[in-house]
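One-letter residues, chain by chain:
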Amino acid sequence: MAEKVVRKPDERAWDAASVQMIEKAQVDCTDTCFNRADAQAIGCKFGESGVCCRICYMGPCRITPKTPVGVCGADADTIVARNYLREVAAGTASHSDHGRHLVLLLKKIGQGDGGNYQIKDEAALRRTARLYGLEDVDKTSQQVALELANVLLGEFTSQEDKLRTMQLAPLKRQAVWKNLKIEPEGIDRMVVECLHRSTMGVDHDYRNVLMHAFRTSLANGWGGSRIATLISDIVFGTPSPMRSRANLGVLGAKTVNVIVHGHEPELSEMLVAASGDPEIAALAKAAGAEGITLAGICCTANEILIRHGVPVAGSFLQQELAIITGAVEMMITDVQCCMPSLPKVAKAYHTLVVSTSDLAKTIGAEHQAFDHEHAYDSAKQLLKKAIDNYKNRNPAKVAIPDVSQPLVAGFSVEAIKYMLGGKYRASFRPLNDAIMQGRIKGLAGIVGCNNPKSKVDEYINKLTAALVAQNVLVVKTGCAAIASAKTGMLTPEAALALAGPGLKEVCEAIGMPPVLHMGSCVDNTRILEAATEVVAEGGLGDDLCDVPAVGVAPEWMSEKAISIGCYFVASGVDVILGHPFRIGGSENVTKFLNEETQKLFGASFHVCLDAEAAAARIMEILDRKREKLGINTKAQRKLMDMKDRRALNV
Ligand code: BF8
Ligand code: SF4
């Protein structure tokens with residue numbers, strides 16, 4: 001039997017702040033996901049390969065050489081495909097429910113009932129309304145907001161009509177979906193159908209099951225998530241590049257530290273506003289602090305970073321480590337990626353963990369439901385409580401790592417267009433030209449989570465550096481973006497120093513960094529939007545699968561990442577995974593997802609276990625696409641080789 005391995009702190013994380021806090025956790029005898037991951041290392045092989053079925057109570061059944069089918073007769077293909085479908089359903093549901101909450105907020109604003117929430121970006125509202133074919137001339141923003149919200153609510157509930165948001169994709173891609181009969185109807189209907197199809201005795205043909213997984217994921221990427229991004233931009237503002245800092249060193253030694261953790265921007269936006277309230281500043285001073293520091297963890301961090309420049313305390317696997325600094329007065333959570341361990345970790349310190357969504361309660365956390373009708377006051381109440389807790393900070397337990405890096409983030413498609421073409425000629429033309437000339441080889445979206453099974457951030461950062469050096473423009477979201485931020489790679493200066501000569505030349509000419517932080521995980525749809533702009537601009541094919549672009553999820557862990565991976569592949573973008581799905585128990589399912597999808601979508605999944613293998617595979621894919629487009633001409637290759645050699649002085 002394999003032996004359990006207990007890894008040293010510097011084998012668990014790449015950045016110095018995390019390593020320091022993992023060491024401190026050991027001194028403080030605090031449990032973290034890192035030692036729990038080591039304890040769980042010898043996982044269940046049936047679960048891992050996807051061949052455990054718990055769908056009905058004749059089981060649970062597991063597939064072995066002696067028992068090749070379950071009690072009902074389901075074989076490995078059926079069981080693996082059904083389990084996979086349920087993962088995609090959960091990932092889709094998470095992002096889409098987030099989107100739904102924002103639609104409901106937009107509706108309230110449209111009804112004049114938004115309380116402290118308003119339309120921040122009128123241009124984004126009208127632009128989006130027009131995307132959905134709504135007439136906005138001579139209408140107030142409130143009227144447009146209400147009409148748009150009603151249309152978007154229909155995207156969730158539609159029983160017969162196909163999703164309207166799909167029409168934002170290139171026409172040729174829409175035809176692919178139509179021919180394959182995977183255009184989704186309402187988002188909610190897709191998720192319900194996943195559960196129906198995968199219950200005992202329904203859909204047993206693994207291909208049919210998996211095609212519905214792709215259909216459901218499209219309802220996420222071109223539905224729920226896209227809607228979440230569109231409305232966030234309308235209500236909270238379309239992001240544009242701004243400077244900030246990332247890592248645990250952003251916490252203040254003498255300030256009241258409040259961390260907002262989770263995903264939905266309604267809460268974090270109001271906390272940003274309330275943290276600037278003079279009354280809050282005065283109360284913090286009266287409590288003996290120099291002020292208040294608001295910082296984010298996980299995707300909510302990305303949301304307020306890209307719109308307000310609020311510093312990022314850390315990514316997903318730093319949520320416990322932030323508390324272990326001993327300097328966090330309050331951690332406020334809403335939904336998704338908030339570990340149930342937080343109150344237990346907090347017990348060893350003075351941190352108050354407050355949950356705010358009725359969807360998400362945790363034993364040991366104080367629950368204070370966020371009052372959307374009195375959002376500003378509700379946020380202020382939370383901050384006041386945090387200030388009150390400052391007196392309980394125990395200096396003997398405080399150790400804030402002196403580690404943080406500067407960054408630039410907030411590259412929405414609008415912002416990229418503006419950078420590329422200027423205010424009056426905003427367009428993707430210069431990017432397309434650079435790709436066609438071979439100065440930029442292609443685009444890579446490096447996205448997704450961290451996973452304590454591997455050394456945090458290592459794969460993400462090594463891969464980013466390797467791709468940038470080979471003239472690949474890298475766009476990022478989620479925790480993968482935070483990983484780059486923590487290395488300093490999100491400053492134009494640092495990234496340019498790593499960039500290959502062609503990419504460097506283009507970025508310097510345009511004034512654009514070679515690694516672009518585009519937002520949170522729902523903002524992966526911005527990557528699809530950017531790829532759609534590239535297609536629309538012309539010269540690089542007429543479908544997303546023609547564009548030299550890939551998606552990568554190096555250290556993924558969440559069901560949301562599975563759904564994202566599926567909608568990328570179904571959209572025609574190859575996806576590299578740093579570790580495989582739980583499908584190894586079915587050769588057919590593995591072959592379908594990793595090979596056959598190429599024929600259907602022009603893209604598939606590829607598993608590359610380390611950054612070196614991933615970089616090589618990505619360059620291969622980009623090269624193949626370039627060849628197909630006819631832009632890898634010998635003359636261009638020779639020119640680039642000469643330029644590369646000149647830049648390297650050889
Ligand atoms: O939604 S990247 S660990 S925080 S799931 Fe979670 Fe993964 Fe981070 Fe954002 Ni996305
Ligand atoms: Fe077993 Fe079939 Fe029930 Fe699954 S659905 S638990 S394979 S009997």
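Residues numbered from 1 in each chain as written. Chains lettered and ligands numbered in written order. Predicted model: local features only at pLDDT ≥ 70, side-chain atom pairs only at ≥ 80, totals over all residues. Heavy atoms only, no water.

Peer 1: I keep staring at unusual backbone geometry and nothing clicks. Help me out?
Peer 2: Backbone phi values are negative for most residues with the exception of glycine, while trans is the configuration of most peptide bonds. In this chain, Gly 59 is followed by Pro 60 through a cis amide linkage whose omega measures 10°. When you line up the elements, Pro 60 lands in the loop between β1 (52–53) and β2 (61–62). With a phi close to 65°, Cys 298 is a non-glycine residue in the positive phi region. Its place among the elements puts Cys 298 in helix α13 (residues 298–308). (Helix = DSSP H or I, 4+ residues; strand = E, 2+ residues; numbered from the N terminus.)

Peer 1: Even after reading the chapter, I still don't get the packing of α13 against helix α20 (residues 478–487), so can you show me in this structure?
Peer 2: What describes two packed helices is the angle between their axes and the distance between those same axes. It is at 9 Å that the axes of α13 and α20 come closest, and there the two elements cross at 70°. The angle between the axes of α13 and α20 places the two elements in the roughly perpendicular class. Every pair of crossing elements has a handedness; the one defined by α13 and α20 is left-handed. For the pair α13 and α20, contact is made by Cys 298, Cys 299 and Asn 302 and by Gly 478, Cys 479 and Ile 482, respectively. In terms of residue class, the contact of α13 with α20 is made up of four nonpolar, two polar and no charged. (Axes fitted to C-alpha atoms, helices over the stretch in contact; angles between N-to-C directions. Parallel < 35°, antiparallel > 145°, perpendicular 65-115°, else oblique. Left-handed = near helix turned anticlockwise from the far one by under 90°. Contact = heavy atoms within 4.5 Å. Nonpolar A, V, L, I, M, F, W, Y, C, P; charged D, E, K, R; others polar.)

Peer 1: Would you take a moment to explain the nonpolar core for this structure?
Peer 2: The biggest cluster of nonpolar side chains holds 175 residues, and the ones touching the most others in it are Tyr 84, Phe 214, Leu 463, Leu 467, Leu 593 and Phe 605. Among the elements that make up this core, the one with the highest residue count is helix α10 (residues 206–236) (16 residues). Counting 34 residues, the second-largest nonpolar core is a separate cluster that includes Ala 17, Phe 316, Met 339 and Val 345. (Core = buried A, V, L, I, M, F, W, Y, C linked by side-chain atoms within 4.5 Å. Buried < 20%, exposed > 50% of the residue type's maximum accessible area, 1.4 Å probe, protein only.)

Peer 1: Which parts of the structure should I look at to understand the site of ligand 1?
Peer 2: The full set of residues close to ligand 1 is His 263, Cys 298, Cys 299, Phe 316, Cys 337, Gly 448, Cys 449, Cys 479, Cys 521, Met 557, Ser 558 and Lys 560. In the model, an oxygen atom of ligand 1 is placed 2.7 Å from a nitrogen or oxygen of the His 263 side chain. The side chain of Lys 560 places a nitrogen or oxygen atom 3.0 Å from an oxygen atom of ligand 1. (Near = heavy atom within 4 Å. Polar contact = N/O pair within 3.5 Å; in protein donor to acceptor, adjacent residues only side chain to side chain.)

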